[in-house]
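Inside the fold
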Amino acid sequence: MYDTPDTFILQRKRLGRIRHLNELKKYGFIEAEDFRESVFFHLSQWERSGPRDRGPRLDQFVEFELDELHRRKENKLRALVVRMTSRPEGEKMDEFRDTNLIAKHHPRARQSKPAWRRKDA
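What comes next is a walk through the structure. (Residues numbered from 1 in each chain as written. Predicted model: local features only at pLDDT ≥ 70, side-chain atom pairs only at ≥ 80, totals over all residues. Heavy atoms only, no water.)

A look at the packing of aromatic side chains
- Taken as a whole and judged by the stated rule, the model has 3 aromatic pairs.
- On the numbers, 5.9 Å between centres and 85° between planes, the contact of tyrosine 27 with phenylalanine 29 is edge-to-face.
- Taken together, a centroid distance of 6.0 Å and an interplanar angle of 25° make the contact between tyrosine 27 and phenylalanine 40 stacked. On the criterion of sequence distance, the pair formed by tyrosine 27 in strand β2 (residues 27-32) and phenylalanine 40 in strand β3 (residues 38-42) is long-range, its members being 13 residues apart.
- Members of the aromatic cluster, joined through ring pairs, are Tyr27, Phe29 and Phe40. (Phe/Tyr/Trp six-rings, centres within 6.5 Å; stacked < 30°, edge-to-face > 60°. Helix = DSSP H or I, 4+ residues; strand = E, 2+ residues; numbered from the N terminus.)

Here it is in structure tokens:
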């Protein structure tokens, strides 16, 4: 797909709301939570959640993944995958629900300095 096989990009889910949808030309724009510009997506990028999924709708809250290589090359935002989300709008991640977000320190990290390092000794 791209000429740079050695590039490793970590993808993360981003959230936004569909603000423009042109079903004749099969494209739309997402107003993302963490970008000022709108994110372009093609209707072929829609990931169906089941047989009753009718596709994207205007003003629908969705999650998507950015095409980071396209952003670096063209300086434009484009979505690779767009899907419905089960997360309510505006709800932040709670560190107590996700144990990976809790900072873990070494058990002896707060011990006092050794005697030879203290200035008063």
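Let's talk about the sheet that holds strand β4 (residues 61-66)
- What the 5 strands build is an open sheet, ordered β3-β2-β1-β4-β5; its pairing is antiparallel. Looking at strand neighbours, the two that pair on one side only are β3 and β5 (79-84), the edges of this open sheet. In this sheet, adjacent strand axes meet at a mean angle of 45° when their direction is disregarded.
- One ladder, built from 4 bridges, connects strand β1 (residues 14-22) with β4; its direction is antiparallel. Bridge pairing in β4 places glycine 16 opposite valine 62. (Pairing = 2+ DSSP bridges. Axes fitted to C-alpha atoms, helices over the stretch in contact; angles between N-to-C directions.)

A short note on the environment of leucine 69
- By secondary structure assignment, the location of leucine 69 is in helix α1 (residues 68-74).
- What makes leucine 69 partly exposed here is its relative accessible area of 22%.
- With 60 residues separating them in the primary sequence, leucine 69 and isoleucine 9 have C-alpha atoms 8.4 Å apart. (Buried < 20%, exposed > 50% of the residue type's maximum accessible area, 1.4 Å probe, protein only.)

So, to be careful, I would describe these as geometric facts and stop short of saying anything about function.
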